[in-house]
Amino acid sequence: ADAKQVVMEKVLVLLSDRMDDSIDRLARYMDWNKREDYDECIKSFDDAGTKSMQSYPGILEGSDEWKELEKLNIFDLELYEYIKGMFEMQGTMLENKLGPIES
């Protein structure tokens, strides 16, 4: 099986750049009830992720370095774009099955 097929059939897609939506989706999928400390726990998790992302130097999109990395990782980038689409599709499927997320 190729990577796209595995993602489609076996993976609940969660995205770090959509952390709040991803955590809510995971909680609904697993049928977890929000506890008192849920928001604090998620904030702590989110803050840790933000700090780790800040430790890497940025590469300007379109620069020579960017283009070289893009060439080296073309299949990973293609899969990532597919996964982002799956995130949206799974969100719609989950909402149709369980109803809209209540705030």
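## Comments concerning the pattern of salt bridges
- This structure, assessed with the given rule, holds five salt bridges.
- Between E88 and R18 there is a salt bridge, and its shortest N-O distance comes to 2.6 Å. Of this pair, E88 sits in helix α5 (residues 74–98) while R18 sits in the loop between α1 (3–10) and α2 (19–29); the two residues are 70 residues apart in sequence, bridging distant segments of the chain.
- A salt bridge links E81 to K84, with the shortest nitrogen-to-oxygen separation between them at 3.2 Å. With E81 and K84 both in helix α5 and three residues apart, this pair spans about one turn of that helix.
- Classification of E81 by relative accessible area gives partly exposed; the value is 49%.
- Connected via shared salt-bridge partners are R18, D21 and E88.

## As for the packing of α1 against α5
- Relative to each other, α1 and α5 sit at 20°, their axes nearing to 10 Å. One finds that α1 runs roughly parallel with respect to α5. In this structure, α1 crosses over α5, and the sense of that crossing is right-handed. Note on element contacts: α5 touches α1 through E78, L79, Y82, I83, M86 and Q90, opposite A3, K4, V7 and M8.

About the criteria used
- Starting from 1, residues in each chain are numbered consecutively following that chain's sequence as written.
- Under the rules for a predicted model, residues below a pLDDT of 70 receive no local features and side-chain atom pairs below 80 are neither given nor counted, while totals for whole chains, interfaces and linings still include all residues.
- Only heavy atoms go into the side-chain values, all of them from the structure, while hydrogens and water stay out.
- A pairing counts as a salt bridge when a side-chain nitrogen of Lys or Arg comes within 4 Å of a carboxyl oxygen of Asp or Glu.
- Only DSSP runs of H or I with at least four residues qualify as helices, and only runs of E with at least two residues qualify as strands; both kinds are numbered from the N terminus onward.
- Here's how the labels work: a residue is buried when its accessible area is under 20% of the maximum for its type, exposed when over 50%, partly exposed in between, all with a 1.4 Å probe on protein chains only.
- Here the axes come from fitting lines to C-alpha atoms, over the contacting stretch only for helices, and the angles between their N-to-C directions go from 0 to 180 degrees.
- Any angle that is under 35 degrees is reported as roughly parallel, and any over 145 degrees as roughly antiparallel; angles of 65 to 115 degrees are reported as roughly perpendicular and all others as oblique.
- Take the far helix as the reference: if the near one is turned anticlockwise from it by less than a right angle, the crossing is left-handed, and if turned clockwise, right-handed.
- It only takes one pair of heavy atoms within 4.5 Å for two residues to be counted as in contact.

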